[in-house]
Structure formats: structure tokens, C-alpha cells
Amino acid sequence: QVQLIESGGGSVRAGTSLQLSCEMIGLTISDYTMGWFRQAAGQERKFVAAISWHGTTTRYDPSVKGRFTITRDNTKNTVYLQMNNLRPEDTALYYCAAVEDRRTVVITASGVDYWGKGTLVTVSS
């Protein structure tokens, strides 16, 4: 059974940091482009960041570029999202995503093959 298990969410003050983790169970993470999406209350799920299977290519939404960093450790079957200088508008449910197409880091919600269940990040001002 394939699982993406997220952890690391929480409630923090603006300007602080969090690191999210996502462990893939049941598959080999190096076979996938990995990404993070987020969904705020009442809004659609939106792209945050993606990383190529080998970890050398990344892509970010402009709203997080320079503040968030996506990395992966294929030996641990895990992908990470380091979030610095958090803002109240970063408040959302964060989802880990796996995409079988390894040729690109341009991923969309409709193209995701596997989703995690989400981890909640709440940022207060």
C-alpha cells in the first residue's frame, strides 16, 4: 500500500520557521518527482514547490520563493519543505505529492499520482 506521510506542521508566529517532512511508504521515492501543495480554507489546492527525482532541479511558486526550500533524501525515502520567515498568508493544509513523470518539475494538482493526507500549518501575526 502506497502512503505519503507528512509531519512537522504546527502553530507558529509570523517570522519563524517550520520544516515539513514527507516519507514515502511502499514505493521508491527516487522514481518520482516530488512536490508540496497547500490549501487554505475555502480555496483550491495550489502548487508550492517541486523537486526533480535527483534533487538538482527545483521550482517554487513566486509567493514562497526565497523563503521556502524543498529538498529530498532518497536514501530515507523522504522529501522536506523548509519554511522560513512564515507569514499569516502561509496558513494552510500542506500536502505532499508524488508524480510519476520524472521529466519535469512543472507539476499540477491534476497530474499528481499520489497524495499525502496533509499537515496543518497555522501562522499567527
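Draft legend 1. Examining unusual backbone geometry more closely. The phi dihedral of asparagine 77 falls on the positive side, at around 55°, and the residue is not glycine. Its place among the elements puts asparagine 77 in the loop between strand S7 (68–73) and strand S8 (78–83). Relative accessible area serves as the criterion here: at 14%, asparagine 77 is assigned to the buried category.

Draft legend 2. Representation of the environment of asparagine 84 in the model. Relative to the assigned elements, asparagine 84 resides in the loop between S8 and strand S9 (92–99). What makes asparagine 84 partly exposed here is its relative accessible area of 31%. As a C-alpha pair, asparagine 84 and tyrosine 32 span 52 residues in sequence and 25 Å in three-dimensional space. Excluding residues within four positions of it along the chain, asparagine 84 makes contact with Thr16, Ser17, Arg67 and Phe68.

Draft legend 3. The arrangement of the pairing of strand S3 (residues 18–25) in detail. Note that strand S1 (residues 3–7) and S3 share five bridges and pair antiparallel. The residue bridging glutamine 3 from the neighbouring strand is isoleucine 25, located in S3. Where S3 lies against S8, six bridges are found, and the strand directions are antiparallel. Residue pairing across strands places serine 21 opposite tyrosine 80, the latter belonging to S8.

Rules used in this analysis
Residues numbered from 1 in each chain as written. Predicted model: local features only at pLDDT ≥ 70, side-chain atom pairs only at ≥ 80, totals over all residues. Heavy atoms only, no water. Helix = DSSP H or I, 4+ residues; strand = E, 2+ residues; numbered from the N terminus. Buried < 20%, exposed > 50% of the residue type's maximum accessible area, 1.4 Å probe, protein only. Contact = heavy atoms within 4.5 Å. Pairing = 2+ DSSP bridges.

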